[in-house]
Amino acid sequence: MTLKASFASVLRALRSKRNITQRDFADTTSRTYLSKLELGKSSITLDKLDQVSRRLELSPLTLLTLTLCEDNGKPPSELISKLQLEIADLQREDGLPGLRAIPEMSHQMRRLPRRAISGHESNSMQAELTFAE
């Protein structure tokens, strides 16, 4: 399975679980574009990922994590642990030049309310995620 197909599968499953129709995404994106995403025929931009995630009441990171889990069969906890280690390594190496300092990560993950996770303000940064086939 490709990442594009995995994203399509996750998006369809989440939309179905939440009983949200494609028409319900009208304020977020067109039905045509959403259909192409769900069929794995289109790539998603970061802006659209943010908008779709908000409509699903999820963090974009959750949507990406579920996509990677679907693609490689690894549990979310394994991917999150890898993410924590990579960020910790970056912190030890003084982060990345030109980026804001990354706050120290807690060893304990705490559950945030959905609104706190997805309620961030969007900036107008536009980039396209292209999945290899």
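These numbers were taken from a predicted model, which means no experiment stands behind them.

A short note on the overall build of the protein
Item 1. Scanning the protein for helices and strands turns up 6 helices and 0 strands.
Item 2. Each helix and strand of the protein, ordered N terminal to C terminal, gives the series α-α-α-α-α-α.
Item 3. Taking all 133 residues of the protein together, the buried fraction comes to 29%.
Item 4. Expressed as a percentage of contacts within the protein between residues at least 6 apart in sequence, the contacts between residues at least 24 apart total 65%.

Here we look at helix H1 (residues 3–17)
Item 1. If you check H1, its first and last C-alpha atoms are 21 Å apart, about what 15 residues at 1.5 Å a residue would give, namely 21 Å.
Item 2. Listing the buried residues of H1 in full gives Lys4, Ser6, Phe7, Ala8, Val10, Leu11, Leu14 and Arg15.
Item 3. The inward-facing, buried residues of H1 abut helix H2 (31–38), helix H3 (46–55) and helix H4 (60–72).
Item 4. Just beyond H1, the residue with positive phi is Asn19, at close to 55 degrees.

Points about the nonpolar core
Item 1. Phe7, Leu11, Ile44, Val52, Leu56 and Leu63 are the most contacted members of the largest nonpolar core, which has 15 residues in total.
Item 2. Mapped onto this core, the elements with two or more residues apiece are H1, H2 and H3.
Item 3. At 4 residues, the largest contribution of residues to this core is made by H1.

Some details on H4
Item 1. Between the first and last C-alpha of H4 there are 18 Å, a value that for 13 residues agrees with the 18 Å anticipated at 1.5 Å per step.
Item 2. Where H4 is concerned, the buried positions are Pro60, Leu63, Thr65, Thr67 and Cys69.
Item 3. The inward-facing, buried residues of H4 contact H1, H3 and helix H5 (76–92).
Item 4. Directly beyond the C-terminal end of H4, a positive phi value near 75 degrees is found at Gly73.

How each quantity is defined
Residues numbered from 1 in each chain as written. Predicted model: local features only at pLDDT ≥ 70, side-chain atom pairs only at ≥ 80, totals over all residues. Heavy atoms only, no water. Helix = DSSP H or I, 4+ residues; strand = E, 2+ residues; numbered from the N terminus. Buried < 20%, exposed > 50% of the residue type's maximum accessible area, 1.4 Å probe, protein only. Contact = heavy atoms within 4.5 Å. Expected span 1.5 Å × (residues − 1). Core = buried A, V, L, I, M, F, W, Y, C linked by side-chain atoms within 4.5 Å.

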